[in-house]
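Each chain, written out:
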Amino acid sequence: MEFENTIGLETHVQLKTKTKMFCSCLLKTGCEPNTNICPVCLGYPGALPAINKEAVKLTVMSGMMLGCEINRHATFDRKNYFYPDMAKDYQISQNTNPLCIGGGVTIQTPGGPKTVRINHIHLEEDAAKINHYASSSGVDFNRGGTPLMEIVSEPDIASADEAIAYLTALKEMLVYAGVSDCNLEEGNMRSDVNISIRPAGSDRLGTKVEIKNMNTFKGIHAALEYEAARQRRCAANSIPVVQETRRWDGEAMETSSMRSKENAHDYRYFPEPDLVPVELSEDQLEEWRKLLPEKPEARRERMKAQYGITEYDADVLSQEKERADYFEKAAAKAENPKLLCNFFMSDVMSWFNANGFASGTEEPLAALFNLSTGGKINGPTLKELLGEVLSGEIADPAKTVEERGLGAVSDTAALEEFVDRAIAANPGPVQDFKNGKKAAAGFFVGQVMKLSKGKADPKTVGGIVARKLAAL
Ligand SMILES: [Zn+2]
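Values in this document were obtained by computation on a predicted structure and should not be read as measured data.

1. Notes on the overall build of the protein chain
Part 1 of the reasoning: A tally of regular secondary structure across the protein chain gives 15 helices and 17 strands.
Part 2 of the reasoning: A compact globule built from 472 residues should have a C-alpha radius of gyration of about 23 Å, whereas the protein chain, at 30 Å, is more than 25% larger.
Part 3 of the reasoning: By residue count, 36% of the 472 residues in the protein chain fall in the buried class.

2. Observations regarding the domain arrangement of the protein chain
Part 1 of the reasoning: Partitioning the protein chain into structural domains gives domain 1 (8-197 + 260-285), domain 2 (296-403) and domain 3 (412-470).
Part 2 of the reasoning: When each unit is reduced to the centre of its C-alpha atoms, the spacing between domain 1 and domain 2 is 38 Å.

3. Thoughts on the nonpolar core
Part 1 of the reasoning: Among the nonpolar cores identified, the biggest contains 60 residues, and Leu 99, Ala 163, Tyr 166, Val 193, Ala 223 and Leu 224 are the most heavily contacted of them.
Part 2 of the reasoning: When residues of this core are assigned to their parent elements, the largest contribution, eight residues, is made by helix 2 (residues 160-176).
Part 3 of the reasoning: Once you skip the residues sitting within four places of it in the chain, Leu 99 turns out to touch Val 56, Thr 59, Val 60, Gly 63, Ile 70, Asn 71, Ala 74, Gln 94, Ile 121, His 122 and Leu 123.

4. Side note on the pairing of strand 13 (residues 209-214)
Part 1 of the reasoning: Relative to strand 13, strand 12 (residues 189-199) runs antiparallel, the two being bridged by four bridges. Counterpart to Ser 191 in the pairing with strand 13 is Met 214.
Part 2 of the reasoning: Of the strand pairs in this sheet, strand 13 and strand 14 (residues 244-249) are connected by three bridges, and their pairing is parallel. Pairing of Ile 211 across the sheet is with Arg 246, part of strand 14.
Part 3 of the reasoning: Note on the crossover from strand 13 through helix 3 (residues 217-236) to strand 14: the handedness is left-handed.

5. Some words on the environment of Lys 459
Part 1 of the reasoning: One can find Lys 459 in helix 15 (residues 458-470).
Part 2 of the reasoning: In this structure Lys 459 comes out as exposed when scored by C-beta crowding, with 10 C-beta atoms within 10 Å.
Part 3 of the reasoning: Lys 459 sits 80 residues away from Gly 379 along the chain, and the two C-alpha atoms are 9.1 Å apart.

6. Some thoughts on the packing of helix 5 (residues 296-307) against helix 6 (residues 311-318)
Part 1 of the reasoning: Between helix 5 and helix 6, whose axes approach to 9 Å, the crossing angle comes to 135°. In terms of orientation, helix 5 lies oblique with respect to helix 6. Considering the relative orientation of helix 5 and helix 6, their crossing is right-handed. Listed contacts from helix 6 to Pro 296, Arg 299, Arg 300, Met 303 and Lys 304 of helix 5 are Glu 311, Ala 314, Asp 315, Leu 317 and Ser 318.
Part 2 of the reasoning: Class assignment for the residues of the contact of helix 5 with helix 6 results in four nonpolar, one polar and five charged.

7. Side note on the environment of Arg 78
Part 1 of the reasoning: Along the chain, the position of Arg 78 falls in strand 4 (residues 77-80).
Part 2 of the reasoning: Here Arg 78 falls in the buried class, since 21 other C-beta atoms lie within 10 Å of it.
Part 3 of the reasoning: In this structure, the C-alpha to C-alpha distance between Arg 78 and Val 116, residues 38 residues apart in sequence, is 29 Å.
Part 4 of the reasoning: When residues no more than four places from it in sequence are discounted, the contact partners of Arg 78 are Tyr 90, Ile 92, Tyr 269, Phe 270 and Glu 272.

8. Focus: the sheet that holds strand 16 (residues 270-271)
Part 1 of the reasoning: With antiparallel pairing, the three strands of this open sheet are ordered in space as 5-4-16. Both edges of this open sheet fall to strand 5 (90-93) and strand 16, since each of them pairs with a single strand only.
Part 2 of the reasoning: Pairing between strand 4 and strand 5: four bridges, direction antiparallel. Residue pairing across strands places Asp 77 opposite Ser 93, the latter belonging to strand 5.

9. Examining helix 1 (residues 53-65)
Part 1 of the reasoning: The end-to-end C-alpha distance of helix 1, which contains 13 residues, comes to 18 Å, matching closely the 18 Å that a straight helix rising 1.5 Å per residue would cover.
Part 2 of the reasoning: For helix 1, every residue scored as buried is listed here: Ala 55, Val 56, Leu 58, Thr 59, Val 60, Met 61, Ser 62, Gly 63 and Met 65.
Part 3 of the reasoning: Positioned one or two residues after helix 1, Gly 67 has a phi angle of 70°, which is positive.

10. Digging into the environment of Asn 95
Part 1 of the reasoning: As for its position among the elements, Asn 95 is in the loop between strand 5 and strand 6 (100-101).
Part 2 of the reasoning: Taking the C-alpha atoms as reference, Asn 95 lies 25 Å from Glu 286; in sequence the two are 191 residues apart.
Part 3 of the reasoning: Those residues in contact with Asn 95 that sit more than four places away from it in its chain are Asp 77, Lys 79 and Tyr 269.

11. A look at unusual backbone geometry
Part 1 of the reasoning: One non-glycine residue, Cys 182, lies in the positive phi region at around 50°.
Part 2 of the reasoning: The residue Cys 182 is located in the loop between helix 2 and strand 12 in this model.
Part 3 of the reasoning: Its 19 C-beta neighbours within 10 Å are what place Cys 182 among the partly exposed residues.
Part 4 of the reasoning: Backbone geometry at Lys 453 places phi at a positive 55°, although glycine is not the residue there.
Part 5 of the reasoning: Mapping Lys 453 onto the fold places it in the loop between helix 14 (440-451) and helix 15.

Thresholds applied
Residues numbered from 1 in each chain as written. Predicted model: local features only at pLDDT ≥ 70, side-chain atom pairs only at ≥ 80, totals over all residues. Helix = DSSP H or I, 4+ residues; strand = E, 2+ residues; numbered from the N terminus. Rg over C-alpha atoms; globule rule 2.2 N^0.38 Å. Buried ≥ 20, exposed ≤ 12 C-beta atoms within 10 Å, placed from the backbone. Domains from an automatic or database assignment. Core = buried A, V, L, I, M, F, W, Y, C linked by C-beta atoms within 7 Å. Contact = placed C-beta atoms within 7 Å. Pairing = 2+ DSSP bridges. Right-handed = clockwise from strand over helix to strand, strands pointing away. Axes fitted to C-alpha atoms, helices over the stretch in contact; angles between N-to-C directions. Parallel < 35°, antiparallel > 145°, perpendicular 65-115°, else oblique. Left-handed = near helix turned anticlockwise from the far one by under 90°. Nonpolar A, V, L, I, M, F, W, Y, C, P; charged D, E, K, R; others polar. Expected span 1.5 Å × (residues − 1).

In structure tokens:
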């Protein structure tokens with residue numbers, strides 16, 4: 001029998017706020033354990049939580065980016081559970097009235113674009129971190145109370161590849177909106193993945209297995225592939241799939257049973273009595289809507305049309321907002337943005353890769369590039385000065401070119417004379433050329449570049465050399 005996968009993701013995203021979800025403790029990484037704590041995030045009796053407005057704003061902005069309906073009367077609930085990482089023995093979350101409802105993420109699949117629907121986005125607090133040592137364990141409450149937004153997808157995802165496409169698109173959008181760093185290594189973005197299989201074409205969902213707390217795309221991909229195959233093996237051998245939480249072992253590359261899955265009623269949700277509902281006015285939503293950036297996909301399309309660049313280039317440029325912003329600032333000052341794009345994709349990007357991103361150098365870069373497209377400097381000079389421009393050492397490339405005498409020799413008469421001199425001085429290579437060794441032409445271009453002290457344009461020289469050699 002043919003089976004198909006149904007995969008849903010619950011993605012926890014750490015919001016980029018200065019302080020915790022329900023208290024004013026700072027959110028900082030790399031601090032001594034249990035230094036950013038207070039009675040609220042330690043769950044002392046009588047301590048009262050207060051909602052972090054910035055976290056609400058970032059969640060609403062995320063919802064707007066993902067096309068969700070914003071719930072103007074959101075409430076918080078208590079989710080009861082008893083692990084040492086939650087001192088209160090309950091987590092404040094949203095169950096009945098989450099902040100965002102519906103929406104979706106469009107992904108590209110081999111079969112064309114596909115929208116993965118979002119069920120809802122809710123806001124909650126993170127648990128503390130349990131550290132295990134050789135003979136003991138400790139709880140670090142610095143992380144406890146971190147604002148987390150949980151984005152719950154519908155089970156619309158059909159493969160491990162689609163899951164990664166969904167997460168990649170999601171991450172791109174959230175980073176664009178400045179909602180989160182989505183730094184996977186630091187655990188800023190973690191996913192619980194649900195997967196079940198069903199006979200192809202069926203509309204009933206199979207028994208699902210959940211794999212919790214996955215924080216690498218590679219791990220998620222591998223775990224989904226493994227589970228899809230395991231559940232098929234179960235079906236082939238008439239072994240029922242058990243509804244449970246499984247653990248992914250990245251070394252053994254397999255999942256193993258962890259515990260039977262809690263049902264929602266195990267958490268005994270009830271309205272959080274210590275918090276008032278979040279009432280959002282239309283004016284407030286409008287104010288936040290104005291802060292939204294252009295969506296990556298819309299930006300790609302606009303950049304393609306505006307600068308006449310390829311799909312691939314627009315895609316690479318817009319993958320990171322910082323990079324797209326940089327390019328667009330430079331392109332605004334460039335005489336030929338399309339040519340600038342070619343140069344950017346090759347030389348500028350490789351400089352960034354080697355030396356780091358260089359914000360603030362957009363205008364000098366455009367000025368340098370304009371000298372090149374205007375024929376004021378040649379290609380080698382452009383490359384020679386690029387590093388100094390990007391590292392901020394050259395602010396006015398035209399001035400540097402003048403001071404160092406790097407202006408291109410564009411006087412054709414002078415170039416013709418250099419070519420004549422090179423040919424006259426090198427009878428050997430001339431003979432080679434006449435004997436059919438066409439590569440000898442390159443030798444003369446090199447000679448002329450030397451005579452011009454590197455200031456001639458190699459392409460122009462190449463043309464003159466070819467013409468003169470052919471006439472011999
Ligand atoms: Zn606190």
